[in-house]
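Notes for the structure review
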Amino acid sequence: MQLDSIDKKLINLLQNDSKQTTKQLSLHLNLSITAVYERVKKLENQKVIDKYVAIINKNKIEKSFLVFCHLKLIQHSREYVTTFEREILKLEEVSECFHVSGDFDYILKIYVKDMQEYRNFMVSKLTAIKYIGSTHSIFAIEQVKNTTAINL
């Protein structure tokens, strides 16, 4: 799908606040409500817009301790990779998992209440997964920038 400049502006507006009404969006874009509605539906149908979510304040739910865990498997066989990936999907503390190149095989983004909860997570859940060779944890001190938006 080829995006025109109006599609890009619409996507940027929705990334900033997806709860805007079609009428509000139409005023920003100088289009009719119907035209905006049709564009949004087209973007959804083409999977350019994948889903809408609520971004929560992690301090309010006691999940503000952010850990980046770099992880190595003991071997890179298909069995080890698929087993690890299947198991990591089950861990609710892991919000993101990336298979990466370089010194480590995976980077996990983990939210927990505090250091004690992270320790419990490591000991009882993460290291219980087969084929993990080593882990390296990095703790966030301050969030400087965090956005889900990709500017078009």
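These remarks concern the structure in this document. Counting starts from 1 at the beginning of each chain's written sequence and moves along it residue by residue. Predicted model: local features are reported for residues with pLDDT of at least 70 only, side-chain atom pairs are reported and counted for 80 or more only, and whole-chain, interface and lining totals are derived from all residues. Side-chain numbers here rest on the full set of heavy atoms in the structure, without hydrogens or water.

Turning our eyes to something else, we now look at the overall build of the protein. When you go through the protein residue by residue, the secondary structure sums to five helices and four strands. Element order for the protein, N to C, with α for helix and β for strand: α-α-α-β-α-β-β-α-β. The C-alpha atoms of the protein give 20 Å as radius of gyration, which overshoots the globular expectation for 152 residues (15 Å, by more than 25%). By principal-axis analysis of the C-alpha atoms, the protein measures approximately 55 × 35 × 25 Å. Burial analysis of the protein (152 residues in total) assigns 28% to the buried set. Considering only contacts in the protein between residues 6 or more positions apart, those separated by 24 or more positions represent 64%. Put simply, DSSP marks the helices as runs of H or I at least four residues long and the strands as runs of E at least two long, and each gets a number from the N terminus on. Radius of gyration here uses only the C-alpha atoms, and the compact-globule reference equals 2.2 Å multiplied by the residue count raised to the power 0.38. Partly exposed describes any residue whose relative accessible area lies between the buried limit of under 20% and the exposed limit of over 50%, with all areas from a 1.4 Å probe on protein chains only and scaled to the type maximum. Two residues form a contact once any of their heavy atoms are found within 4.5 Å.

With that out of the way, let us pick up the pattern of salt bridges. Only one rule defines a salt bridge in this text: a Lys or Arg side-chain nitrogen within 4 Å of an Asp or Glu carboxyl oxygen. Within this structure, the stated rule accounts for nine salt bridges. Salt-bridge contacts for Lys41 lead to Glu44; the nearest nitrogen and oxygen are separated by 2.9 Å. Here Lys41 and its partner Glu44 are both found in helix 3 (residues 33-45), three residues apart, which amounts to about one turn of the helix. We classify Glu44 as buried; its relative accessible area is 19%. Here Lys109 makes a salt bridge to Glu96, at a shortest N to O gap of 3.2 Å. With Lys109 in strand 3 (residues 106-112) and Glu96 in strand 2 (residues 94-99), the pair connects residues that are 13 residues apart, well separated along the chain. Overall, the relative accessible area of 15% leaves Lys109 in the buried class. Under the relative-accessibility criterion, Glu96 is labelled partly exposed at 31%. Bridged by salt links that share partners, the residues Asp4, Asp7, Arg39 and Lys42 form one connected network.

Put simply, buried Ala, Val, Leu, Ile, Met, Phe, Trp, Tyr and Cys residues joined by side-chain atoms within 4.5 Å make one nonpolar core. Of all hydrophobic cores here, the largest spans 22 residues; its most connected members are Leu71, Phe84, Ile88, Leu108, Ile110, Tyr118 and Leu126. Mapped onto this core, the elements with two or more residues apiece are strand 1 (65-73), helix 4 (78-88), strand 3 and helix 5 (115-124). Leave out the neighbours within four places in its chain, and Ile88 touches Val94, Cys97, Leu108, Leu126 and Ile129. Ranked by size, the runner-up nonpolar core spans nine residues in total, among them Ile11, Leu14, Leu25 and Leu29.

Another aspect to go through is the packing of aromatic side chains. Classification of ring pairs uses Phe, Tyr and Trp, with its six-membered ring standing for Trp, and accepts pairs whose centres are within 6.5 Å; under 30 degrees between planes counts as stacked, over 60 as edge-to-face, and the remaining range as tilted. Applying the stated criterion across every chain, the model contains five aromatic pairs. Summarising the aromatic geometry, the rings of Tyr80 and Tyr131 are spaced 3.7 Å apart at their centres and angled 5° between planes, so their arrangement reads as stacked. Highlighted residues: Tyr80 in helix 4 and Tyr131 in the loop between helix 5 and strand 4 (132-139), separated in sequence by 51 residues. Residues Tyr80 and Tyr131 agree in their burial class; the two are buried. Clustering of aromatic rings is evident, with ring pairs tying together Phe65, Tyr118, Phe121 and Phe139. Any Lys NZ or Arg CZ found within 6 Å of a ring centre and within 35 degrees of that ring's normal is scored as a charge over the ring. Positioned above the aromatic ring of Tyr111, the side-chain terminus of Lys58 is 5.0 Å from the ring centre. Lying across the ring of Phe104, Lys72 places its NZ or CZ 5.7 Å from the centre.

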